[in-house]
Amino acid sequence: MKLKKFTEAETEAFYDSEDSLYRSFWDEEGSLHWGYFDNLEDSQPEEFIKACQRWNHYMLEQSKIDASSKVLDIGCGNGNTAIWLAQQTGCEVVGIDLSGVRVNNAQEKAKNYPHLHISFEKASATNLPYDDNSFTHVWSQATIYHIPQREKALQEIQRVLQEGGIFLFDDLITPTPEISPSGWQYVYERLLFEPTFSFESYADFLSQLGLLVREKVDLSNHLKKSYELLSQLAFEKYPDLSIAYQKMCEAIDKRELGWGFYLCTKVSDRLTWIYETNDKETLRNKYNAWARIYDQELDESYRVSPINSAQTLAQFLPQKDAIILDAGAGTGMVGEALAELGYTQIVGVDLSEEMLEIARKKQVYRDLYLGNLEEKSLKTFDKESFDAIISVGVFTFGHVHPQALKNLSSLLKSGGYFLLTVREDYYNTNESLKQVLEELSWRLIERKEFNAFEVEPMYAFLWQKPNS
C-alpha cells in the first residue's frame, strides 16, 4: 500500500479545517502536544498536561535561549509556545505557520502581550522569507512531519540559522518502512504524514546538511503513553479520535511510528570549531557530534596524515604482530592505515564513544577503549604493554596537554617506538611540548614533513624509548 503524495495546499486546508477541534481539545490548556513522563507505567490522564509542560521545559533548558536570542518558531500554530518562550526568557520570537487561520489566532493573542518581542507570519518552511544567518535558534515542536517537502524545509532552516546557532526540534519518525494497512489509515493518511526518516537516518540527514547533532533522544515510549492518555481524555467528547489514538499506540508497538528529539549546532568550519575547545567534556561532546560524518568530510584532505604516519612507523617496526596503541584513535583512520600495512595487534583508546563506535565497525582493532589520555594512570593498560604507540593529530590546539606524553611513555616497552604527528605551528609554538619531550629523553630517529588539508604543514616524529 502506498501513501498518496500531499501538497502544501492540501496540508494547509486540512489544518485550517481542523482548527476548531485543535483549539477545543489540544489548546484548551495551552500549546501542548506530547508528554515527557516521570513514570511511564503509572501515569494517569490528569498528568498529561504536566508531562507536556515538562517536555517544554526540557527543550528550553537544552536550548540555552536567553534574552539576547532571536528564535524562529517553525509551526507556531496558535502562538502559545512563542509567547511562552518570550515570557520565560525575554528573547525575540518570530513564529511562522502554513495555516492562515492559526497565524491569525496567534496575531490576536499577541495583542495581549505588547511588552513581548513576538511576531507571527504565514509562511512555508520550504521557502522561509528571511535572510541567511538571521536567527540564533530555530525551534520546532510536532511540526516538521506535516511538511510534504521535509528535506527542503530542513535545508531552509540550516540556511537561516546563524553560524554556531542551535536548531532543536522533536518530530514523528518511521522506525520501519513496513507499514500495515491500519498504520497507513490511522497514522499516515490521517495526519497527511509521508514516512521519511528513522531515528538514525534523521540524524544522518541533518549531519549531511552541516548540522552537527549534539543530542538525540528516542522518545517513542513517551509518545505511546501520550496517546494512551489522550485516548482516555478524548473518549467522552471525541470517540472517533479516541479510537484513532488507540490505533496509533498499536502502530508504535509495531515500530511503524516513533518520536525523536534532536539538538543540532550549525558549524561550517569544523576545524576552527574543534580547535577552539577549552575543556574535555566539550571536546568529547563535539567529537561525538562530528563522528557520523567525520570520515566523509576529512577523507580526501586529511587521510594523508594517518597514512604517512603509519608508513613512517613501519620503516622501523617490521614485526606485523607488534602490539601497537593508537592513542586518540578517533574513527580509526590510523588503525586502517596500520592494518593496510599488515599489522594485526592494534589497540585503540579515545575520549569519544561515538568516534570509537565508528572505529569498531572497521574491524581493524584488536581492542578499543574509552579513556582520557590526560589521566595520571590509564588503568586499562599495564605498564610497558606496547611495542609501539602512535598518536596522530591528538596533541594539538584545544586537545591533549603535552604532559599526557608521560602517561603514554609509561605504557611503552623499553626500546619501543613512539610516533607523534603534530601540526608545524603547534610544535614550533608550544614550549610545554618541547619541555616534556626533553624530559622524556627519547631518541629521535626519524622526522618526516608533509601537508595535510593540502596546505597544512605537518611533522611526523618517530622516537625510540631508551632501554632500561
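Up top is the structure.
Remember, it's a predicted structure, so these values are computed and weren't measured experimentally.

**Q** I tried to follow the sheet that holds strand β6 (residues 211-218) on my own but got confused; where do I start?
**A** Two modes of strand pairing occur in sheets, parallel and antiparallel, and in both the strands are linked by backbone hydrogen bonds. If you trace the seven strands from one edge of the open sheet to the other, you get β3-β2-β1-β4-β5-β7-β6, paired in mixed fashion. Only two strands of the sheet have a single neighbouring strand rather than two, namely β3 (118-122) and β6. Strand-to-strand twist in this sheet, taken as the mean axis angle between neighbours without regard to direction, amounts to 15 degrees. Here six bridges tie strand β4 (residues 135-141) to strand β5 (residues 161-173), and the two strands are oriented parallel to one another. By the bridge assignment, W139 is partnered in β5 with L168. Of the strands in this sheet, β4, β5, β6 and β7 (258-266) are in contact with helix α3 (residues 48-63), which crosses β4 at around 160 degrees. Each of β1 (70-74), β4, β5, β6 and β7 is contacted by helix α6 (residues 150-160), which is oriented at about 155 degrees to β5, the strand it contacts most.

**Q** What is the right way to read a negative patch on the surface from this model?
**A** On the surface, a cluster of negative charge is made up of E41, D42, E46 and E47. Tracing the backbone shows E47 in the loop between α2 (19-26) and α3.

**Q** Is there a simple way to think about the layout of surface pockets in this case?
**A** Empty space left among the atoms is revealed by rolling a probe the size of a water molecule over them. Volume-wise, the second largest pocket comes out at about 290 Å³. Taken together, 15 residues line the second largest pocket, and the ones lying closest to its centre are V213, K216, N288, A289 and E354. Mapped by element, the contributors of at least two residues to the lining of the second largest pocket are β6, α12 (280-302) and α15 (353-361). Its residues assigned to classes, the lining of the second largest pocket comprises four nonpolar, two polar and nine charged.

**Q** Sorry if this is basic, but what is going on with the sheet that holds strand β8 (residues 323-327) here?
**A** With respect to topology, seven strands assemble into an open sheet ordered β10-β9-β8-β11-β12-β14-β13, the strand pairing being mixed. Edge positions in the sheet fall to β10 (367-370) and β13 (443-452), since each of these pairs with one other strand and no more. The sheet shows a mean angle of 15 degrees between the axes of neighbouring strands, direction not considered. Here helix α13 (residues 304-314) sits on the sheet and contacts β8, β11 (386-392), β12 (412-423), β13 and β14 (456-464); the angle it forms with β13, its principal contact strand, is near 155 degrees.

**Q** Before we go on, may I ask you to explain unusual backbone geometry in this structure?
**A** What you tend to see is this: most non-glycine residues have negative phi, and most peptide bonds are trans. For A142, which is not a glycine, the phi torsion comes out positive at approximately 50 degrees. Checked against the element boundaries, A142 lands in the loop between β4 and α6. In this structure, R255 takes a positive phi of about 65 degrees despite not being glycine.

**Q** Looking at this model, I keep getting lost on the environment of G393. Mind explaining?
**A** Among the secondary structure elements, G393 is positioned in the loop between β11 and α16 (404-409). Of the residues examined, G393 reaches a relative accessible area of 28% and is grouped as partly exposed. The spatial distance from the C-alpha of G393 to the C-alpha of A329 is 9.7 Å, given a sequence separation of 64 residues. Those residues within four positions of G393 in sequence are excluded, and the remaining contacts are Y302, H399 and T421.

**Q** Even after reading the chapter, I still don't get the pattern of salt bridges, so can you show me in this structure?
**A** Note on pairing: side chains with opposite charge can pair once their charged atoms come close. According to the stated counting rule, one finds 25 salt bridges in the structure shown. Close ionic contact of R303 with D299 constitutes a salt bridge, the shortest N to O distance being 2.5 Å. Between D387 and K413 there is a salt bridge whose closest N-O contact spans 3.1 Å. Remark: K413 occurs in strand β12 and D387 occurs in strand β11; sequence separation between them is 26 residues. Exposure remark for D387: the relative accessible area of 22% places this residue in the partly exposed category. Taken together, the shared-partner salt bridges connect D295, D299, R303, E336 and K362 into one network.

What counts as what
- Residues numbered from 1 in each chain as written.
- Predicted model: local features only at pLDDT ≥ 70, side-chain atom pairs only at ≥ 80, totals over all residues.
- Heavy atoms only, no water.
- Pairing = 2+ DSSP bridges.
- Helix = DSSP H or I, 4+ residues; strand = E, 2+ residues; numbered from the N terminus.
- Axes fitted to C-alpha atoms, helices over the stretch in contact; angles between N-to-C directions.
- Contact = heavy atoms within 4.5 Å.
- Patch = residues over 30% accessible without salt bridge, like charges linked within 9 Å, V, L, I, M, F, W, Y side chains within 5 Å.
- Areas by Shrake-Rupley, 256 points an atom, 1.4 Å probe, with all protein chains shown as cover.
- Salt bridge = Lys/Arg side-chain N within 4 Å of Asp/Glu carboxyl O.
- Lys, Arg positive; Asp, Glu negative; His and termini not counted.
- Charge placed at Lys NZ, Arg CZ, Asp CG, Glu CD.
- 1 Å grid on protein atoms, 1.4 Å probe; cavity = no way out; pocket = protein on both sides within 12 Å on 5 of 7 lines; lining within 4 Å.
- Points joined across faces, edges and corners; volume = space filled by probe spheres on them.
- Nonpolar A, V, L, I, M, F, W, Y, C, P; charged D, E, K, R; others polar.
- Buried < 20%, exposed > 50% of the residue type's maximum accessible area, 1.4 Å probe, protein only.

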